[in-house]
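Each chain is listed here by its residues.
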Amino acid sequence: MHGEAQGVTRHVLENGLTVLLKEVHTAPVISWWVLYRVGSRNEPTGHTGISHWVEHMMFKGTPKYPAGVLDKAVDREGGIWNAQTSYDYTAYFETLPASRIALALEAEADRMQNALFDPDEVESERTVIISERQGSENSPGFWLSEAVRATAFRVHPYHHQIIGDMADLQSMTRDDLYTHYRTHYAPNNAIAVAVGDFDRDEMLAQVEALYGAIPTRPTPPLFVRPEPPQQGERTVRVEREGSASTIFTVYRAPGATDPDWFKLALIDSVLAGASAPGGDSIGNKTSRLYRALVETELATSVGGGLYPSVDPYLFSFLLTVRDGRRIEDVQAALDAEIDRLVAGDLTQAELDKAKKQAKALFAYGTEGVTGQAFWLAFSENFSGYEWYLRYLDQLDAVTLDDMQDAARRTFKRSQRTVGWFIPTSGQGA
């Protein structure tokens, strides 16, 4: 199969592997991504964190490339490589000089089939991942985020952290991990993307030669339980050692394919400053919430976020309460700003600025071949790569009325979860 839009061609090999190719000849480099359609969203209780742990195991070697060999090989060629696990996917990438991209193609084809999962390496990584979680637990924000998400999602697997619950990290076995790998790491459950300095026909021939013979596997039985309707505001308090009170308020938000998503992305820019997947952001000192909460010395920091997810997720606000201020007063000030927006207090100047900021952030994230390849793979996973290609057009089409309608549908107190972190020592509330 073959399709094309804005220089991107889409192919599906006979074994089900989706391949996206885009020639970019501005520099002699190529980025190669392989994204698997499995993330923490697909993990049942007892196996939370398994997608992230399997990602770690993929760096522990195959018979062809024992542990550490690819690290040195990629370094030797002047490339970079890494991986990431998120709610809806697990992905691996290499960006290399164009003349050496065969190393990346061969490495990912090999890892798709032959990862070792040596029992000693599994136990070593158990220690590493538990330490990673324990490191996060030193942050009050981690505990608050975990509690709020577990409260906001009672059924859907978005309720647990990507790293997983400690009980599961302590009990999962090597067989659990290997079964997850053999179930989900298959060509018909993967999206492969190349962006860079290559000839499309030659690249496709290379991909077919290396990946075309990898056997198709049964379609993975993805574990997803829809979240039932929320029946009223939910609240949660976390009380433990810390230095500052923190507010984490989340509203239910639509998935990335919902028409409201782009409207809410611009609202996020107006309220809290533009942000993007992967944690990229630009300064937010001209945002409404910064001016209303930080400049007035109610809070020391404020941020917001809207993630383009497969299933409906969350629109979030995170605030650190300034010393000497009551957390109730800061929450009230946040609510007043949201109420003001819902009432229709948006201006064309704010919409224009939000579009400008969102476009700039999108451009920063896609100026190189690595970012472009990521966005193509990322959007193909939940909608089709055209979601990425139409991103700026979708932003441009949003009007003030659109934003206000979306705000009224989204910012209902009955559809939110309010989380407070209360320090049990220090100078917080």
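Let me begin by describing the structure that accompanies this report. All values reported here derive from a predicted model rather than from experimental measurement.

What about the sheet that holds strand β10 (residues 299–306)?
Here is step 1 of the chain: Taken together, the 5 strands give an open sheet; going across it, the order is β8-β12-β9-β11-β10, and neighbouring strands pair in mixed fashion. Both edges of this open sheet fall to β8 (234–240) and β10, since each of them pairs with a single strand only. Averaged over all adjacent pairs, the angle separating strand axes in this sheet is 15 degrees, with direction ignored.
Here is step 2 of the chain: With 6 bridges joining them, strand β9 (residues 246–253) and strand β12 (residues 416–423) adopt antiparallel strand pairing. When the sheet's bridge partners are listed, Thr249 is paired in β12 with Val418.

Side note on empty space enclosed by the protein
Here is step 1 of the chain: Enumeration according to the criterion identifies 3 cavities of 30 Å³ or more in this entry.
Here is step 2 of the chain: Empty space within the second largest cavity amounts to approximately 90 Å³.
Here is step 3 of the chain: In terms of lining residues, the second largest cavity is bounded by 14 residues, among which Phe59, Gly61, Tyr65, Leu70 and Trp81 are the most central.
Here is step 4 of the chain: In terms of residues, the lining of the second largest cavity owes the most to one element, helix α2 (residues 69–76), which gives 3 residues.
Here is step 5 of the chain: Among the residues forming the lining of the second largest cavity, the class breakdown is 8 nonpolar, 3 polar and 3 charged.

Some words on helix α4 (residues 119–136)
Here is step 1 of the chain: Look at α4: 26 Å from first C-alpha to last across 18 residues, which is about the 26 Å you get at 1.5 Å a residue.
Here is step 2 of the chain: Listed in full, the buried residues belonging to α4 are Val122, Glu125, Arg126, Ile129, Ile130 and Arg133. Each buried residue of α4 sits inside an arc of 140 degrees when the element is viewed along its axis, so together they form one side. Every exposed residue of α4 that faces more than 90 degrees away from the buried side is listed here: Asp120 and Thr127.
Here is step 3 of the chain: In this structure, the buried residues of α4 make contact with α1 (50–57), α5 (140–152), α6 (166–171) and α7 (174–184).

Rules and cut-offs
- All residue numbers refer to positions counted from 1 along the written sequence of the respective chain.
- Under the rules for a predicted model, residues below a pLDDT of 70 receive no local features and side-chain atom pairs below 80 are neither given nor counted, while totals for whole chains, interfaces and linings still include all residues.
- Values reported for side chains reflect all heavy atoms of the structure, with hydrogen atoms and water molecules removed beforehand.
- In this description, strands pair whenever DSSP reports at least two bridges between them.
- In DSSP terms, a helix is any run of H or I states spanning at least four residues, a strand is any run of E spanning at least two, and both are numbered starting from the N terminus.
- Helix axes use the C-alpha atoms of the stretch in contact, all axes being lines fitted to C-alpha atoms, and the angles between their N-to-C directions lie in the range 0 to 180 degrees.
- Whether a set of points on the 1 Å grid over the protein atoms alone is a cavity depends on a 1.4 Å probe fitting there but being unable to get out, while an open set qualifies as a pocket with protein on both sides within 12 Å along at least five of seven lines; lining residues are those with an atom within 4 Å of a point.
- Grid points are joined across faces, edges and corners, and a volume is the space filled by probe spheres set on the points.
- When residues are grouped by polarity, Ala, Val, Leu, Ile, Met, Phe, Trp, Tyr, Cys and Pro land in nonpolar, Asp, Glu, Lys and Arg in charged, and all others, Gly among them, in polar.
- For a helix, the expected span equals 1.5 Å multiplied by the number of residues minus one.
- Working definition: with a 1.4 Å probe on protein chains only, accessible area under 20% of the residue-type maximum means buried, over 50% means exposed, and in between means partly exposed.
- To obtain the arc, one takes the directions from the helix axis to the C-beta atoms.
- What makes two residues a contact is simply this: any of their non-hydrogen atoms within 4.5 Å.

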